[in-house]
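Below, each chain spelled out in residue letters.
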Amino acid sequence: MKIKRDFINIINYFLDIVLALSVIFTLTSSYILWFVIPRGVGAHFYMCGNEGMGLGGNYFVSFGIPRYMWIEIHNWSSVVLLGIIILHLVMHRTWLVEIFKRTGSFFNGPVKKAGEQLIASIVLFILFAVDCFSGFVLWLLLPRGALDYFGMLSGGGRTFWGLQRNVWLDIHVWVSVFIVGIIIIHIILNWRWVVGLSKRILKGFRGLFIGKSRKEVE
Amino acid sequence: MNTAGQVKSYLPKAALYLGIIGAVSLLFFNLIFQEDWTQRFIWLWFMVPLPVIFLVIANKFRFSGGLLMVLLAIAIIVIDVLLSPGHPGQVAGRGVAYTVIFVSLPLLLSGLFYIIYRFRFGKLSRA
């Protein structure tokens, strides 16, 4: 039973590493798109074509990769991230069920860490859902076009649910900033688990499995 | 009654977490201003460590730290209104409304939570 739990812990640990890597990929690409090579760099109309991928702004290069490729990297790393987060939730389904059953007890009396973890996880999930949705709107429903720029300025740009593309973009970027903040809190709250399991894994798989099973037999 | 080591209220923890979120948001607020690309707002970098410093102060002196956080939240709105790079839509994330909701509000709530905790649980209570 304990070996099975250790095994699940290790799977969770490595899944979290892949999760962290895809978060880093997504955040790096978004940082580059937002601050290093923002689209068109002010020359929106003359440097971009019609709908979809423009000409000028999308060919600015960072780290040898043009902007339109950074957009693809951002989009697809986000899709991978979404998949891993769903897997992460599935792997933690027992914890989720248990914690929701005991929710009432967390908020009566003194502060309990489980209550903090629950709130942080729910907020993170909601924000991630909002970010995913706004990302899909920007990617698939309102893809950028040069002519949007002047439409946007006059308030006559394409809309989805009454919001122009630039508003969706603003929501997308600020919600992702909040997500970064809550990820930091999420890591702080689970720090003991991360450090403890890292130490055990660094000692080696052999020691982890064989050592434990021997102890259990004894 | 709470036993030793137990925490009375979620307020200081909530204030700390909101302060962390506000600190991250302030970093990006600063980066948006740097998109002006004229180095006019390079002095804004001094603001980035302020929320962390104020959180450390608030950990020891609840009222002073909380008050500093509230003042920082107000200062950010004033800076955004007075020094606006470009116009909304030109730079992603630019706009006074976004600054108020995503940068000032977490810092303001963080500061207010510290102040409320100070008055509700007294000077010597610790989180």
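A quick note: this is a predicted structure, and the numbers were derived from the prediction, not measured.

A. The arrangement of the overall build of chain A in detail. When you go through chain A residue by residue, the secondary structure sums to 10 helices and 4 strands. Sequence-ordered secondary structure for chain A, helices as α and strands as β, is α-α-β-β-α-α-α-α-α-β-β-α-α-α. Looking at chain A as a whole, 22% of its 218 residues are labelled buried.

B. How the structure looks around the overall build of chain B. A count of helical and extended segments in chain B gives 4 helices and 0 strands. Listing the helices and strands of chain B from first to last along the sequence gives α-α-α-α. Excluding contacts between residues fewer than 6 apart, the proportion of contacts in chain B whose partners are at least 24 apart in sequence is 69%.

C. Geometry of the interface of chain B and chain A. Taken together, the contact between chain B and chain A spans 20 residues of the former and 20 residues of the latter. Residue assignment for the side of chain B that touches chain A shows that the elements contributing at least two residues are α1 (11-34) and α4 (96-121) of chain B. At 8 residues, the largest contribution of residues to the side of chain B that touches chain A is made by α1(B). Residue classes in the side of chain B that touches chain A are distributed as 11 nonpolar, 6 polar and 3 charged.

D. Quick peek at the packing of helix α6 (residues 113-141) of chain A against helix α8 (residues 165-189) of chain A. Residues and elements named next belong to chain A. Where α6 meets α8, the axes come as close as 8 Å, and the angle between the chain directions of the two elements is 155°. In terms of orientation, α6 and α8 fall into the roughly antiparallel class. Where α6 crosses over α8, the two elements pack in a sense that is left-handed. For the contact of α6 with α8, the class distribution of residues is 17 nonpolar, 6 polar and 4 charged.

E. Focus on the packing of α8(A) against α1(B). Contact geometry for α8(A) and α1(B): axes closest at 9 Å, N-to-C directions at 140°. Between α8(A) and α1(B), the interaxial angle falls into the category oblique. Both α8(A) and α1(B) take part in a crossing whose hand is right-handed. Two secondary-structure elements touch here, α8(A) through A:Val177, A:Phe178, A:Val180, A:Gly181, A:Ile182, A:Ile184 and A:Ile185 and α1(B) through B:Tyr17, B:Ile20, B:Ile21, B:Val24, B:Ser25 and B:Phe28. Residue composition of the contact of α8(A) with α1(B), by class: 11 nonpolar, 2 polar and no charged.

F. Spatial organisation of helix α3 (residues 62-82) of chain B. Here α3(B) contains 21 residues, and its C-alpha end-to-end distance of 30 Å stays within 8% of the 30 Å for a straight helix at 1.5 Å per residue. All of the buried residues in α3(B) are B:Arg62, B:Gly65, B:Gly66, B:Leu68, B:Met69, B:Val70, B:Leu72, B:Ala73, B:Ile76 and B:Asp80.

G. Local environment of the confidence of the model for chain A. Residues and elements named next belong to chain A. Looking at chain A as a whole, its pLDDT mean stands at 76, while 74% of the residues score no less than 70. Per-element confidence in chain A ranges from a low mean pLDDT of 43 for helix α2 (residues 44-47) to a high of 89 for α8. Per-residue pLDDT stays below 50 along residues 41-54; that stretch engages in 31 contacts with residues further than four places along the chain or on separate chains. With pLDDT under 50 throughout, residues 213-218 is counted as low confidence; its partners more than four residues away or in other chains account for 2 contacts.

H. Highlighting the nonpolar core. A:Trp174, A:Phe178 and B:Met69 are the most contacted members of the largest nonpolar core, which totals 47 residues. The set of elements that each furnish at least two residues to this core consists of α8 of chain A together with α1, α2 (50-60), α3 and α4 of chain B. With sequence-adjacent residues up to four places away left out, A:Trp174 is seen in contact with B:Gly93, B:Tyr98 and B:Phe102.

I. Inspection of unusual backbone geometry at higher detail. All names here are of chain A. Non-glycine residue Trp161 carries a positive phi angle of around 55°. When you line up the elements, Trp161 lands in the loop between β3 (159-160) and β4 (163-164). For Trp161, a count of 8 C-beta atoms within 10 Å puts it in the exposed group.

J. Up close: the environment of B:Gly93. Summarising the element assignment, B:Gly93 is placed in the loop between α3 and α4. For the pair B:Gly93 and B:Ala14, spaced 79 residues apart in sequence, the C-alpha to C-alpha distance is 25 Å. Apart from the residues within four sequence positions on either side, B:Gly93 is in contact with A:Asp170, A:Val173, A:Trp174, B:Ile32 and B:Tyr98.

Cut-offs used in this document
- Residues numbered from 1 in each chain as written.
- Chains lettered and ligands numbered in written order.
- Predicted model: local features only at pLDDT ≥ 70, side-chain atom pairs only at ≥ 80, totals over all residues.
- Helix = DSSP H or I, 4+ residues; strand = E, 2+ residues; numbered from the N terminus.
- Buried ≥ 20, exposed ≤ 12 C-beta atoms within 10 Å, placed from the backbone.
- Contact = placed C-beta atoms within 7 Å.
- Nonpolar A, V, L, I, M, F, W, Y, C, P; charged D, E, K, R; others polar.
- Axes fitted to C-alpha atoms, helices over the stretch in contact; angles between N-to-C directions.
- Parallel < 35°, antiparallel > 145°, perpendicular 65-115°, else oblique.
- Left-handed = near helix turned anticlockwise from the far one by under 90°.
- Expected span 1.5 Å × (residues − 1).
- pLDDT = per-residue confidence, 0-100.
- Core = buried A, V, L, I, M, F, W, Y, C linked by C-beta atoms within 7 Å.

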